[in-house]
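Each chain is listed here by its residues.
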Amino acid sequence: NVSTLFLTGFCSSALFGTFVGLLVDQYGRRLGCIVFCVLEVVINALEHIPNLNLLLLGRVLGGISTSLLFTAFESWMVSEHRKNGFPEKWLASTFS
């Protein structure tokens, strides 16, 4: 059962990761970050329920939230950085 949970999370991230970036661009990076935070609260609540179906749901949502984690936050920071006119060289030091 543990391997099924891990595999579900990885497959969910691989599947939804291809679409999440597009949705973040379409509906807004800030909203993507808020959705990530809400998903994490739901996922953490689901982890305390000893039901395999709910644990699997949590892993699917975890895959989506992982995709959001690696798209929404960085793209939001870069877009706000550029919108505020900060020097581009500052980005290099931020990501190093």
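Residues numbered from 1 in each chain as written. Predicted model: local features only at pLDDT ≥ 70, side-chain atom pairs only at ≥ 80, totals over all residues. Heavy atoms only, no water.

Looking now at the nonpolar core. A general tendency of soluble globular proteins is for nonpolar side chains to be buried together. Listed in full, the 11 residues of the largest apolar core are Val-20, Val-24, Cys-33, Phe-36, Leu-39, Ile-43, Leu-46, Leu-61, Ile-64, Leu-68 and Ala-72. Those elements that place two or more of their residues in this core are α1 (2-27), α2 (29-46) and α3 (52-69). Dropping the residues within four chain positions of it, Ile-64 is found in contact with Ser-12, Phe-16, Val-20 and Leu-39. (Core = buried A, V, L, I, M, F, W, Y, C linked by side-chain atoms within 4.5 Å. Buried < 20%, exposed > 50% of the residue type's maximum accessible area, 1.4 Å probe, protein only. Helix = DSSP H or I, 4+ residues; strand = E, 2+ residues; numbered from the N terminus. Contact = heavy atoms within 4.5 Å.)

What follows deals with a nonpolar patch on the surface. On the surface, a nonpolar cluster with roughly 810 Å² of combined accessible area is contributed by Leu-15, Phe-19, Leu-23, Tyr-27, Leu-31, Ile-34, Val-35, Val-38 and Val-42. Elements represented by at least two residues in the nonpolar patch include exactly α1 and α2. At 5 residues, the largest contribution of residues to the nonpolar patch is made by α2. If you trace the backbone, Leu-31 turns up in helix α2. (Patch = residues over 30% accessible without salt bridge, like charges linked within 9 Å, V, L, I, M, F, W, Y side chains within 5 Å. Areas by Shrake-Rupley, 256 points an atom, 1.4 Å probe, with all protein chains shown as cover. Salt bridge = Lys/Arg side-chain N within 4 Å of Asp/Glu carboxyl O.)

Here the chain shows a mean pLDDT of 92. Residues at 70 or above account for 100%. Helix α5 (residues 89-94) is the least confidently modelled element of the chain, averaging 88 in pLDDT, while α2 averages 96, the highest of any element. (pLDDT = per-residue confidence, 0-100.)

With that out of the way, let us pick up the pattern of salt bridges. The full count for this structure, using the stated rule, is 3 salt bridges. Residues Arg-29 and Asp-25 are paired through a salt bridge, measuring 3.4 Å at the closest nitrogen-oxygen approach. For Arg-29, a relative accessible area of 29% translates into the label partly exposed. Put simply, Glu-88 and Arg-82 hold a salt bridge, and the shortest N to O gap is 3.1 Å. A relative accessible area of 49% places Arg-82 in the partly exposed class.

The next subject is the packing of aromatic side chains. A complete count under the given rule lists 2 aromatic pairs for this structure. Taking the centre distance of 5.3 Å and the plane angle of 90° together, the rings of Phe-36 and Phe-73 count as edge-to-face. Of this pair, Phe-36 sits in helix α2 while Phe-73 sits in helix α4 (residues 72-83); the two residues are 37 residues apart in sequence, bridging distant segments of the chain. Given the relative accessible area of 14%, Phe-36 is considered buried. (Phe/Tyr/Trp six-rings, centres within 6.5 Å; stacked < 30°, edge-to-face > 60°.)

Counted as a void, the largest pocket has a volume near 170 Å³. Lining the largest pocket are Val-20, Leu-23, Val-24, Tyr-27, Gly-28, Leu-31, Gly-32, Val-35, Leu-39, Ile-64 and Leu-68. Across the lining of the largest pocket, the residue classes tally to 9 nonpolar, 2 polar and no charged. (1 Å grid on protein atoms, 1.4 Å probe; cavity = no way out; pocket = protein on both sides within 12 Å on 5 of 7 lines; lining within 4 Å. Points joined across faces, edges and corners; volume = space filled by probe spheres on them. Nonpolar A, V, L, I, M, F, W, Y, C, P; charged D, E, K, R; others polar.)

The periodicity of an α-helix, 3.6 residues per turn, causes residues three or four positions apart to be oriented the same way. The first and last C-alpha atoms of α3 sit 25 Å apart over 18 residues, in line with the 26 Å expected at 1.5 Å per residue. Of all the residues in α3, the buried ones are Gly-58, Leu-61, Gly-62, Gly-63, Ile-64, Ser-65, Ser-67 and Leu-68. Each element contacted by the buried residues of α3 is listed here: α1, α2 and α4. (Expected span 1.5 Å × (residues − 1).)

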